[in-house]
Amino acid sequence: MGSRVHCFKSAFRAQTVPLVLAALALGPVQGAQDTAAPIVIRFSHVVAADTPKGKGAEYFKRLVEQRSQGRIRVEVYPNSQLYKDKEELEALQLGSVQMLAPSVSKFGPIGVKEFEAFDLPYLFDDYAAVHKVTRGPIGESMLGHLKSHGMIGLSFWDNGFKEFTANTPLRRPEDFKGLKMRVKSSKVLEAQMRALGAVPQVLAFSEVYQALQTGVVDGAENTPINIFTQKLHEVQRYLLLSRHGYDAYVVVANRKFWDSLPADLRRTLEQAVDETTRYVDGLSERDESASLEAIRASGRIRIIEMTADERNSLRKVLQPVHRQMQGRIGRDVLESIYAATGGDPKPAEPARGLPAAVR
Ligand code: LMR
């Protein structure tokens, strides 16, 4: 028995030693890949987890981790936990985070001005008009320009139409005079507030609640989703249903990181971004009205509906911002957006017989 064991051992040794040596010479064997550390994507954002962007980031994480079978891990950091507005874009360029979805209004400070076109008042009438840009060649070309800034532009996500809020009733342009209004870091938004006679004040999203609560600023503009999830309606007295502007997100990745990925994983990520875009866009439209209803139901803020006449006077004052900002955004970009959406915004017909009402 002993000698048979001995024979077996030496035969085993004789066969396996060369195999092991050959394997070592060839480098890692197939199975080693499965146990290799996963590629980590840090996805940072500034809004609450229960917003379309927050839910979208989690949805994307699930898709990617499942489909890459553990080869990619996505870590989502909501609520400015990691970085605030400007810092998060710098962190992306430096590679400290790999993916973000900042608002279109936040790219100006890093030298990408085109996205500020989205900030123009009354640029889009509805989501269909928005999607003609974000889902078409104009959007694609805008995303393409991010390459020279160290980023890969992957998609646009809807966030919704914006409303104004303040502590004094807002209806007409003169109601904005002298108010300190929070804006995102966009020159177009600054020009918009100045056109209304207000004083724009750039603040990071994470600072808005406190700034409104303590009176550092008198008012702001945002989407119903952000107003509700940040509880801004609890620190403001009036919300004007102005729907005067639109806010989109740009899904971006660090370019070096993206280019270093194996082609199959890049495809997995691209598909996951596409599916998440459909998911987020569906949520945003629904959540916009649900948030407005929830704000209304809270009873914490008075909601002011505009008459067509009031809408028209606001539009008239804001329209010149388009021409004023044309040089910054690029005339070609603007012309192409007008052409895609059906022309530049005209003031609405004055309404007859409709009383201005605070409801
Ligand atoms: C804001 O700063 O108001 C928004 O852009 C925040 C966001 O990401 O929706």
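Keep in mind the model is a prediction, meaning the values are calculated, not measured. (Residues numbered from 1 in each chain as written. Predicted model: local features only at pLDDT ≥ 70, side-chain atom pairs only at ≥ 80, totals over all residues. Heavy atoms only, no water.)

## Observations regarding helix 11 (residues 263–298)
For helix 11, with 36 residues, the first-to-last C-alpha span of 49 Å sits near the 52 Å given by 1.5 Å per residue. Positive phi appears at Gly-299, one or two residues downstream of helix 11, with a value of about 70 degrees. (Helix = DSSP H or I, 4+ residues; strand = E, 2+ residues; numbered from the N terminus. Expected span 1.5 Å × (residues − 1).)

## A closer look at the side chain of Asn-159
Residue position: Asn-159 is located in strand 4 (residues 151–166). Among the polar contacts listed, one links the side chain of Asn-159 to the side chain of Thr-223, at a separation of 3.5 Å. In this structure Asn-159 touches Thr-223, Ile-225, Asn-226, Tyr-246, Asp-247, Ala-248, Tyr-249 and Ser-284, once residues within four positions along its chain are discounted. (Polar contact = N/O pair within 3.5 Å; in protein donor to acceptor, adjacent residues only side chain to side chain. Contact = heavy atoms within 4.5 Å.)

## Some remarks on the packing of helix 7 (residues 187–195) against helix 13 (residues 320–329)
Packing of helix 7 against helix 13 brings their axes to within 10 Å, and their N-to-C directions diverge by 160 degrees. It follows from the interaxial angle that helix 7 and helix 13 lie roughly antiparallel. Judged by the sense of rotation from one axis to the other, the crossing of helix 7 with helix 13 is right-handed. Contact residues: Lys-187, Val-188, Ala-191, Gln-192 and Ala-195 in helix 7; Val-321, Gln-324, Met-325, Arg-328 and Ile-329 in helix 13. By residue class, the composition of the contact of helix 7 with helix 13 is six nonpolar, two polar and two charged. (Axes fitted to C-alpha atoms, helices over the stretch in contact; angles between N-to-C directions. Parallel < 35°, antiparallel > 145°, perpendicular 65-115°, else oblique. Left-handed = near helix turned anticlockwise from the far one by under 90°. Nonpolar A, V, L, I, M, F, W, Y, C, P; charged D, E, K, R; others polar.)

## Brief notes about the confidence of the model for the protein chain
Scored by pLDDT, the protein chain has a mean of 89; 86% of the residues are at 70 or more. In this model, residues 1–33 is a region of pLDDT below 50 whose contacts with residues beyond four sequence positions or in other chains number two contacts. Here residues 347–359 is a poorly scored stretch, pLDDT under 50, and it has 26 contacts once near neighbours within four places are set aside; other chains count. (pLDDT = per-residue confidence, 0-100.)

## Topic: unusual backbone geometry
The phi dihedral of Gln-69 is positive, around 50 degrees, even though this residue is not glycine. The topology assignment puts Gln-69 in the loop between helix 3 (52–67) and strand 2 (72–77). Look at Gln-69 and you get exposed, because its relative accessible area is 71%. One non-glycine residue, Arg-243, lies in positive phi territory at about 45 degrees. Topologically, Arg-243 is positioned in strand 8 (residues 238–254). The exposure class assigned to Arg-243 is partly exposed, which follows from its relative accessible area of 33%. (Buried < 20%, exposed > 50% of the residue type's maximum accessible area, 1.4 Å probe, protein only.)

## Brief notes about the environment of Met-99
Within the secondary structure, Met-99 sits in strand 3 (residues 99–100). The sequence separation of Met-99 and Ser-44 amounts to 55 residues, and the corresponding C-alpha distance is 6.8 Å. The contact partners of Met-99, leaving out residues within four places of it in the chain, are Ile-41, Arg-42, Phe-43, Ser-44, Phe-60, Leu-92, Leu-154, Val-251, Val-252, Ala-253 and Val-273.

## Looking at the pattern of salt bridges
Within this structure, the stated rule accounts for 22 salt bridges. Of the charged contacts, one joins Lys-86 and Glu-90 as a salt bridge, the two residues approaching to 2.9 Å between their closest N and O atoms. Taken together, the residues Lys-86 and Glu-90, both in helix 4 (residues 85–94) and four residues apart, mark about one turn of the helix. In this structure Glu-90 comes out as partly exposed when scored by relative accessible area, which is 32%. (Salt bridge = Lys/Arg side-chain N within 4 Å of Asp/Glu carboxyl O.)

## Concerning the site of the ligand
Neighbouring the ligand are 13 residues, the closest being Lys-53, Lys-106, Arg-182, Asn-226 and Tyr-249. A distance of 2.8 Å separates an oxygen atom of the ligand from a polar atom in the side chain of Lys-53. Arg-182 places a side-chain nitrogen or oxygen 2.8 Å from an oxygen atom of the ligand. Starting from 270 Å² of accessible surface for the ligand in isolation, the protein chains cover 100%. Taken together, the residues of the shell around the ligand break down into four nonpolar, four polar and five charged. (Near = heavy atom within 4 Å. Areas by Shrake-Rupley, 256 points an atom, 1.4 Å probe, with all protein chains shown as cover.)

## Details of the pairing of strand 4
Across the 16 residues of strand 4, 15 count as buried, placing the element largely inside the fold. Direction of pairing for strand 4 relative to strand 8: antiparallel, over a ladder of 13 bridges. Bridging across to strand 8, Phe-161 finds its partner in Tyr-246. The pairing of strand 4 with strand 7 (residues 219–222) spans four bridges and is classified as antiparallel. What sits directly across from Glu-163, in strand 7, is Asn-222. (Pairing = 2+ DSSP bridges.)

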